[in-house]
Amino acid sequence: MQEVIPLRESSDELTYSLTGEDGSAGPYYRDVALLTDEVLVKLHEDQSIAKFGRYIALRKLETWNPDIYALEWLMIGVLWNVYKARATVGSVAAGRLLSSLYSLKSRGREARKAVDRVKGIAGTTVLARHQKAAGCLQLHSLTRLIGWLRASGEFEQESRRLKIWLDFLRGLPGKESAGILHRAVQKASWFERRSLECLGSYTSKVEAYIENNRQRLKWQENRIFCSRERVEYHLNMVGAEIMNRVFHAGFQAAPEKIVFLPICMRNKSAEACRAVQEGPGYVCRRCSKTCRVHAVTAMAETCGSKVLMIPHASTAFGKERIPEGKVGIVGIACVLNLISGGYKARDIGYLPQCVLLHYSGCAMHWHPKGIGTCIDMDRLHAMLEQGEPSSNPE
Ligand code: SF4
């Protein structure tokens, strides 16, 4: 990996940015909190969320907050609107084969490389095929959507949650399930318009990035990830805000707290960085005074928290379940990893909160050389110190 370069030399390469001229992300956090309030009111107007909650309780599945169910219902509509043209073509069997391949990634470096090659080819060929008239969302097309999301290798957590919704909908009379799906798509279309008004100024370069990098991303394993649409950024922003509120009390009560940082925050190359491996990540050895990882590590220490630098989002969590209620984590991540990261963390027993990277810039996905990224330090400090949520908890 080459030396990371500062943001100002590469600002035209970015997809999103939370900061304005003064470098502050304060207005972003205010805007996303206001939009989240509005979205939740709008979604809870519909009775299907409460009905889904009763289904979960009756089957003794893990009970979560209704706001998370609302997010999932919205997610069905948003992902359908974005991927319907691709999800409704292609072979179901090929999709199943692809989704089963991804579990081989954990078998080591060589296996991971091979799987990534297949993923890049699939993302440019079978998964990119599309048709113009995808029709309306029905149970069979939701099944295909979930299959496509799994086959893409980018939506493991989301597709698991949507499968629970699919099982719920299958148990309802046809007219009722069709109505719930129809309204999910309507809410998603409203969300696309409204989120663009409220958050569009933070994601104004997404479309240009996709267009300018179309050729470069061909055959790459991250083609689908790096080509995700603006509304998906907005969904993750609102989703992260909802999860921060829902899991806030648990995080605050957890006796142990860990901050997970991405490696794109350090200011040296992999070869020059002195961090030492510990569990799934690396602990900073503070070899550079100007390194942001050093600054976060020092600050977290004053709050009694530990910091682990994580090489890749997919390796952040081990497979072992964490004893319930014991460990709160703050995941620092770029926008597109927020919802999946929150689900994954909760799934293995962590009590998660997240702080967004001000912009994305890692060499693995976004920029040929890598751009040093940063966060709102005051926000992280407040979380670790008092467990403060980003806005009013429920
Ligand atoms: S300060 Fe820490 S993270 Fe930054 S380069 Fe040195 S050891 Fe690596």
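See the structure shown above.
Residues numbered from 1 in each chain as written. Predicted model: local features only at pLDDT ≥ 70, side-chain atom pairs only at ≥ 80, totals over all residues. Heavy atoms only, no water.

Novice: Just to check I follow, could you spell out the nonpolar core for this structure?
Specialist: Nonpolar side chains tend toward joint burial in soluble globular proteins. Within the largest apolar cluster, 112 residues are counted, with the highest numbers of intra-cluster contacts made by Ile332 and Leu380. The element best represented in this core is helix α3 (residues 66-87), accounting for 14 residues. Among the domains, domain 1 (7-25 + 249-386) and domain 2 (29-237) are the pair contributing at least three residues each to this core. When residues no more than four places from it in sequence are discounted, the contact partners of Leu380 are Val259, Val296, Met299, Val330, Ile332, Val355 and Ile375. In terms of nonpolar packing, the next biggest core, distinct from the first, is built from twelve residues, Val283, Leu308, Ile310 and Tyr350 among them. (Core = buried A, V, L, I, M, F, W, Y, C linked by side-chain atoms within 4.5 Å. Buried < 20%, exposed > 50% of the residue type's maximum accessible area, 1.4 Å probe, protein only. Helix = DSSP H or I, 4+ residues; strand = E, 2+ residues; numbered from the N terminus. Domains from an automatic or database assignment. Contact = heavy atoms within 4.5 Å.)

Novice: Please clarify how the environment of Gly349 should be interpreted in this entry.
Specialist: Position of Gly349 relative to the elements: it lies in the loop between α15 (338-347) and β6 (351-356). Overall, the relative accessible area of 0% leaves Gly349 in the buried class. It is 7.8 Å that separates the C-alpha atoms of Gly349 and Val327, two residues lying 22 residues apart in sequence. Aside from chain neighbours lying at most four places away, what touches Gly349 is Arg321, Ile322, Pro323, Glu324, Gly325 and Val327.

Novice: Sorry if this is basic, but what is going on with the site of the ligand here?
Specialist: Every one of the 14 residues lining the ligand counts as a neighbour, but Cys273, Ala275, Cys284, Cys287 and Cys291 are closest to it. Comparing atom positions with the cavity grids shows the ligand to sit within the largest cavity. Split by residue class, the shell around the ligand holds seven nonpolar, two polar and five charged. (Near = heavy atom within 4 Å. 1 Å grid on protein atoms, 1.4 Å probe; cavity = no way out; pocket = protein on both sides within 12 Å on 5 of 7 lines; lining within 4 Å. Sits in = over half its atoms within 2 Å of the grid points. Nonpolar A, V, L, I, M, F, W, Y, C, P; charged D, E, K, R; others polar.)

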